[in-house]
Amino acid sequence: MPAATRINLRFAARRLPVILLLGILVATCALIAPMKASAATGVTFNVSASTQSPLAGAPVTFTVTLAGADGTTPNGGTITLLDATGRSWGSGAVNSSGVATITVAGGFPAGQLLVKASYNGFGVWGKGTSTFLAMSIGSTALPRTQVTLTANSSEITAGDTVTFTISVKDIDTGTIPTGTVTLTASSGGTTVNLFPNSQLDVSPASNGAGQISDQFNPPGTYTITAQFQGSQYQPSSKQFVLTVDRPKVVTTTTTTTVLAKGGSVTVSPNTPVELDATILQNVPVIPQAGDVVNFYRQLDGGYKDFLGQGTLTWDVTDGSKPATGTSSITTGSWPRGHYAVSAEFVGDAFDFFSSGNISLGVGGPIPTTTTY
């Protein structure tokens, strides 16, 4: 092989690692740059307690305020309250102001305790943990309490009002504590807002008792919880199960024809007649599909003849207001006579049977044809 060719091959072999090394360096820099740009923003903590020296078993509320190291305010994520052993004492969501509140309703055991706030991070804000907050819990246990919760009924119809009677006492001495009872309602594990006046203050002056009334409209099964809180007493609660049934709807029916709106109507023999029935709900309930109206005629007190059945069409089907239903049939010619015409709404699971009627007279000459 010529010498010049050998020199070129050696030179190319020596340059190849250098080119590869430069390529690796460029690719590494390209990877590092976005990693540095997307680094999470650190957060600082301000942790405070409603008291750092509560009695054993007394509720304590912690307020945690976050701030981004760059001056921004974290607006999401969760704060968990931990002690030095890693035990969780509760958690709270961070609101748009960077604040989370955590209430330890059952309090802490007597002794010295260190607690800290742990943040799980959110968006551009990274995870973080506060310094410990020292707690000194008194050894005197708070008195135990007992809540009694009853109602005037355990099963009602939607729209009815229920009155709850609540009483609280010291479970050991029978004395009356001072504090607040809060009523909450849940259905299927989801808390629902049913009580416009959901709190009741109790004290020796009220004999530790009182009442809260509320109207229940959505049908379903509800678990009602009465929770007592008092600064000098242990919290306690009691539950009550309430069943709310769908209402039975009363309906009224009116019948008309296209020839006249109610009253007495006179038509000629062999004239087809269209009968229209209108069904009116008196309370807003979702009507069922497939409702029907049966039409009848009765000649001069004779037998009641079935004319036909019409499907009922409701103007609203979401229960937003009392519904109006309409149904029509067209009949053939009628013999002369005086008729009582009726329309009968069959009813369904939520609407009662109802009916309406008009008078219909059939008279006049019968059309004829003369053939020559």
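What this report covers is the structure whose coordinates are included nearby. Please read these numbers as outputs of a predicted model, since none were measured by experiment.

What counts and what doesn't
Residues numbered from 1 in each chain as written. Predicted model: local features only at pLDDT ≥ 70, side-chain atom pairs only at ≥ 80, totals over all residues. Heavy atoms only, no water. Helix = DSSP H or I, 4+ residues; strand = E, 2+ residues; numbered from the N terminus. Buried < 20%, exposed > 50% of the residue type's maximum accessible area, 1.4 Å probe, protein only. Areas by Shrake-Rupley, 256 points an atom, 1.4 Å probe, with all protein chains shown as cover. Pairing = 2+ DSSP bridges. Axes fitted to C-alpha atoms, helices over the stretch in contact; angles between N-to-C directions. Contact = heavy atoms within 4.5 Å. 1 Å grid on protein atoms, 1.4 Å probe; cavity = no way out; pocket = protein on both sides within 12 Å on 5 of 7 lines; lining within 4 Å. Points joined across faces, edges and corners; volume = space filled by probe spheres on them. Nonpolar A, V, L, I, M, F, W, Y, C, P; charged D, E, K, R; others polar. Salt bridge = Lys/Arg side-chain N within 4 Å of Asp/Glu carboxyl O. Core = buried A, V, L, I, M, F, W, Y, C linked by side-chain atoms within 4.5 Å.

1. Some details on the overall build of the chain
Argument step 1. The number of helices and strands found in the chain is one helix and 26 strands.
Argument step 2. Burial status across the chain gives 35% buried among its 372 residues.
Argument step 3. Carbon and sulfur atoms form 54% of the exposed surface of the chain, whose accessible area is close to 20600 Å².

2. Examining the sheet that holds strand E11 (residues 161-170)
Argument step 1. Pairing is antiparallel in the open sheet, where three strands are placed in the order E9-E11-E15. This sheet does not close on itself; its edge strands, each paired only once, are strand E9 (145-151) and strand E15 (209-215). Here the average twist between neighbouring strands, direction ignored, is 20°.

3. Concerning unusual backbone geometry
Argument step 1. Its identity is not glycine, yet Asn207 carries a phi of approximately 60°, on the positive side.
Argument step 2. Mapped onto the fold, Asn207 is located in the loop between strand E14 (199-202) and E15.
Argument step 3. Of the residues examined, Asn207 reaches a relative accessible area of 55% and is grouped as exposed.

4. Structural notes on the side chain of Ser327
Argument step 1. Secondary-structure assignment places Ser327 in strand E24 (residues 324-331).
Argument step 2. The residues touching Ser327, leaving out its near neighbours within four places in the chain, are Leu275, Asp276, Ala277, Val293, Phe295, Gly310, Thr311 and Leu312.

5. Points about the layout of surface pockets
Argument step 1. What the largest pocket holds in volume is close to 190 Å³.
Argument step 2. In terms of lining residues, the largest pocket is bounded by Ala158, Asn217, Pro218, Pro219, Arg246, Pro247, Val283, Pro284, Val285, Ile286, Asp318 and Gly319.
Argument step 3. Of the residues in the lining of the largest pocket, the class split is eight nonpolar, two polar and two charged.

6. Section: the pattern of salt bridges
Argument step 1. Scanning the model with the defined rule gives two salt bridges in all.
Argument step 2. A salt bridge links Arg144 to Asp172, with the nearest nitrogen and oxygen atoms 2.5 Å apart. Here the residue Arg144 occupies a position in the loop between strand E8 (133-137) and E9, and Asp172 occupies one in the loop between E11 and strand E12 (179-187), the gap between them amounting to 28 residues.
Argument step 3. Residue Arg144 is classed as partly exposed on the basis of its relative accessible area, which comes to 42%.
Argument step 4. A salt bridge links Lys304 to Glu344, with the shortest nitrogen-to-oxygen separation between them at 2.6 Å. With a gap of 40 residues between them, Lys304 in strand E22 (residues 304-311) and Glu344 in strand E25 (residues 337-345) connect regions that are remote in the sequence.
Argument step 5. For Lys304, a relative accessible area of 45% gives the class partly exposed.

7. Structural notes on the sheet that holds strand E5 (residues 99-104)
Argument step 1. With antiparallel pairing, the three strands of this open sheet are ordered in space as E1-E2-E5. Two strands close off the open sheet at either side, each with one partner strand: strand E1 (43-49) and E5. In this sheet, adjacent strand axes meet at a mean angle of 20° when their direction is disregarded.
Argument step 2. Bridging between strand E2 (residues 60-68) and E5 involves six bridges; their strand directions are antiparallel. Among the inter-strand pairings, Thr65 is bridged to a residue of E5, identified as Val99.

8. Some points on the nonpolar core
Argument step 1. Formed by 25 residues in total, the largest nonpolar core has its most connected members in Phe164, Ile166, Leu183, Phe195, Phe216, Ile224 and Leu242.
Argument step 2. Only E9, E11, E12, E14, strand E16 (220-230) and strand E17 (233-245) provide two or more residues apiece to this core.
Argument step 3. Ignoring anything within four residues of it in the chain, the contact list for Phe195 reads Phe164, Leu183, Thr184, Ala185, Ile212, Asp214, Phe216 and Ile224.
Argument step 4. Ranked by size, the runner-up nonpolar core spans 23 residues in total, among them Leu81, Trp89, Val104 and Leu133.

9. Some details on the pairing of E24
In regular strands, side chains alternate between the two faces of the sheet.
Argument step 1. Of the two faces of E24, only the one carrying Gly325, Ser327, Ile329 and Thr331 is buried; Thr324, Thr326, Ser328 and Thr330 on the other face are not.
Argument step 2. In terms of strand pairing, strand E20 (residues 273-281) meets E24 through eight bridges, oriented antiparallel. Considered in E24, the bridge of Val273 is made with Thr331.
Argument step 3. The sheet contact formed by strand E23 (residues 313-314) and E24 spans two bridges and is antiparallel. Considered in E24, the bridge of Trp314 is made with Gly325.

10. Focus: the environment of Asp300
Argument step 1. Mapped onto the fold, Asp300 is located in the loop between strand E21 (292-299) and E22.
Argument step 2. The class of Asp300 is exposed, set by a relative accessible area of 56%.
Argument step 3. In the structure, Asp300 is positioned 38 residues away from His338 in sequence and 5.6 Å away in space, judged by C-alpha atoms.
Argument step 4. With residues near it in sequence (within four places) discarded, Asp300 still touches Gly337 and His338.

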